[in-house]
Amino acid sequence: MTAPAPLLELRDVRRSVRLPSREQLHILRGVDLTVDRGEHVAILGRSGSGKTTLLNLLGLIDRPTSGQLLFEGTDPARLSDRRRARMRGRSIGFVFQQFNLLDGRTALENVMMPLMYGTAGQFWRRESLAMEMLERVGLADRAQQKPSRLSGGEQQRVAVARALVRRPRLILADEPTGALDVTTGEAVMGLLDEIARDSEAALVTITHDLQVAALSRRSYLLDDGTLHDVESAHAREALLATSGIRSGRRAVAGGGVALEEPPTERLETPEVTS
Ligand SMILES: Nc1ncnc2c1ncn2[C@@H]1O[C@H](COP(=O)(O)OP(=O)(O)O)[C@@H](O)[C@H]1O
Ligand SMILES: [Mg+2]
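Note that the coordinates shown come from a computational prediction; the quantities given were computed from them, not determined experimentally. (Residues numbered from 1 in each chain as written. Chains lettered and ligands numbered in written order. Predicted model: local features only at pLDDT ≥ 70, side-chain atom pairs only at ≥ 80, totals over all residues.)

Participant: Let's hear about the overall build of the protein: which residues, and what values?
Facilitator: Scanning the protein for helices and strands turns up 9 helices and 9 strands. With 274 residues in all, the protein has 42% of them scored as buried. Counting only contacts in the protein whose residues sit at least 6 apart along the sequence, the fraction spanning at least 24 positions is 69%. (Helix = DSSP H or I, 4+ residues; strand = E, 2+ residues; numbered from the N terminus. Buried ≥ 20, exposed ≤ 12 C-beta atoms within 10 Å, placed from the backbone. Contact = placed C-beta atoms within 7 Å.)

Participant: A description of the site of ligand 1 should follow, citing residues and the corresponding values.
Facilitator: As a matter of local geometry, ligand 1 sits amid Val17, Leu19, Leu25, Ile27, Gly45, Ser47, Gly48, Ser49, Gly50, Lys51, Thr52 and Thr53. Counting only elements with at least two residues in the shell around ligand 1, the list comes to β2 (24–35) and α1 (51–58). It is α1 that provides the largest number of residues to the shell around ligand 1, a total of 3 residues. (Near = placed C-beta within 6 Å.)

Participant: Hey, could you go over helix α5 (residues 126–136) for me, with residue numbers and the actual values?
Facilitator: Among the residues making up α5, those that are buried are Arg126, Leu129, Ala130, Met133 and Leu134. All buried residues of α5 fall inside an arc of 140° around its axis, so they share one side. The inward-facing, buried residues of α5 abut α3 (107–112), α4 (120–124) and α6 (152–164). (Arc of directions from axis to C-beta.)

Participant: So what's going on with the environment of Leu150? Residues and values would help.
Facilitator: Relative to the helices and strands, Leu150 resides in the loop between α5 and α6. C-alpha separation for the pair Leu150 and Ala107, spaced 43 residues apart in sequence, amounts to 9.1 Å. When neighbours within four sequence positions are excluded, Leu150 is seen to be in contact with Ala107, Arg142, Gln145, Gln155 and Val158.

Participant: Tell me what's going on with the sheet that holds β2, and back it up with residues and numbers.
Facilitator: The sheet built from 3 strands is open, its strands ordered β2-β1-β4 with antiparallel pairing. With one partner strand each, in any of the chains shown, β2 and β4 (66–71) form the two edges of the open sheet. The average undirected angle you get between the axes of adjacent strands in this sheet is 25°. Direction of pairing for strand β1 (residues 8–18) relative to β4: antiparallel, over a ladder of 5 bridges. (Pairing = 2+ DSSP bridges. Axes fitted to C-alpha atoms, helices over the stretch in contact; angles between N-to-C directions.)

Participant: Residue-level account of the sheet that holds strand β7 (residues 202–207), with values.
Facilitator: Overall, mixed pairing links the 6 strands, which are arranged β5-β6-β7-β3-β8-β9 in an open sheet. Strands with a single pairing partner mark the edges of an open sheet, and in this sheet they are β5 (92–96) and β9 (226–229). Strand after strand, the sheet turns through a mean of 20° between neighbouring axes, direction not considered. Relative to strand β8 (residues 218–223), strand β3 (residues 40–44) runs parallel, the two being bridged by 4 bridges. Among the inter-strand pairings, Ile43 is bridged to a residue of β8, identified as Tyr220. Packed on one face of the sheet, α1 meets β3, β6 (170–174), β7 and β8 and runs near 160° to β6.

Participant: Let's hear about the confidence of the model for the protein: which residues, and what values?
Facilitator: Segments scoring low in pLDDT should not have their predicted coordinates read at a detailed level. Looking at the protein, pLDDT values average 87 and 88% of them are 70 or higher. Across the protein, the secondary-structure element scoring lowest on mean pLDDT is helix α8 (residues 210–213), at 80, and the one scoring highest is α3, at 98. In the model, residues 243–257 has pLDDT below 50 throughout and makes 26 contacts with residues more than four positions away in sequence or in other chains. Between residues 261–274, whose pLDDT stays under 50, and residues either more than four places distant or in other chains, the model counts 23 contacts. (pLDDT = per-residue confidence, 0-100.)

Written out as structure tokens, the structure is:
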């Protein structure tokens with residue numbers, strides 16, 4: 001018998017965009033990455049290194065310009081937009097730096113949202129399933145609150161509940177602690193890691209913070225459009241060359257260096273409805 005395909009497999013994946021000047025910008029220049037079921041992988045990189053571009057490929061939002069990306073052995077680029085969107089909704093949960101909750105809705109309604117597009121069973125049980133997830137993140141008593149009445153850490157926990165409510169096999173987190181203070185960020189990251197492990201979902205965390213990355217089993221640095229093992233000489237040099245050294249933090253790799261990234265960066269929300 002052949003082994004089951006990895007959850008995600010990228011081979012020589014490239015992504016270029018055309019600038020208004022008609023020049024090509026080569027953002028990803030040959031990314032190789034394998035993510036197995038239940039694994040936690042971190043991707044570090046300075047601002048502008050292509051982290052969000054890579055995450056949008058892993059999240060089946062964009063397609064590679066060239067190279068191969070397989071999700072559970074299937075090439076999503078060969079599927080129709082509709083089938084790819086369905087695959088994404090069923091298999092992938094997203095957590096964003098800015099939470100991206102709908103403010104007109106309660107915490108419970110926000111967590112219920114992905115279940116509107118789930119299976120019939122999930123649809124009919126949407127309220128109890130969402131409530132279970134809110135309990136799991138410790139916010140059962142805040143279910144009827146609007147996000148604007150919640151703290152940043154609580155909002156991100158609601159977003160974690162929303163990302164996990166359909167039991168995705170892959171969770172993609174783009175700077176999940178970027179808008180939180182250090183202590184709150186660590187608590188949210190610990191919770192995300194724990195829930196992902198419990199539900200046997202793979203977790204890919206994008207971060208500029210080595211301490212966040214240290215939670216994962218494998219860490220890579222995205223630099224020059226390719227991934228480098230964090231322990232490699234190239235990564236160590238690149239990490240030491242960055243200026244965002246944070247004092248008072250525990251040293252992880254490269255001596256407690258953090259990469260700078262403006263916390264205001266906004267991300268596009270992938271369409272939940274499609
Ligand atoms: N559609 C696009 N058109 C032009 N430039 C882009 C586009 N998408 C990303 N870029 C550029 O590519 C680089 C990498 O972007 P991004 O993936 O958002 O980096 P990161 O998330 O690491 O900050 C940046 O210089 C960004 O301005
Ligand atoms: Mg980004």
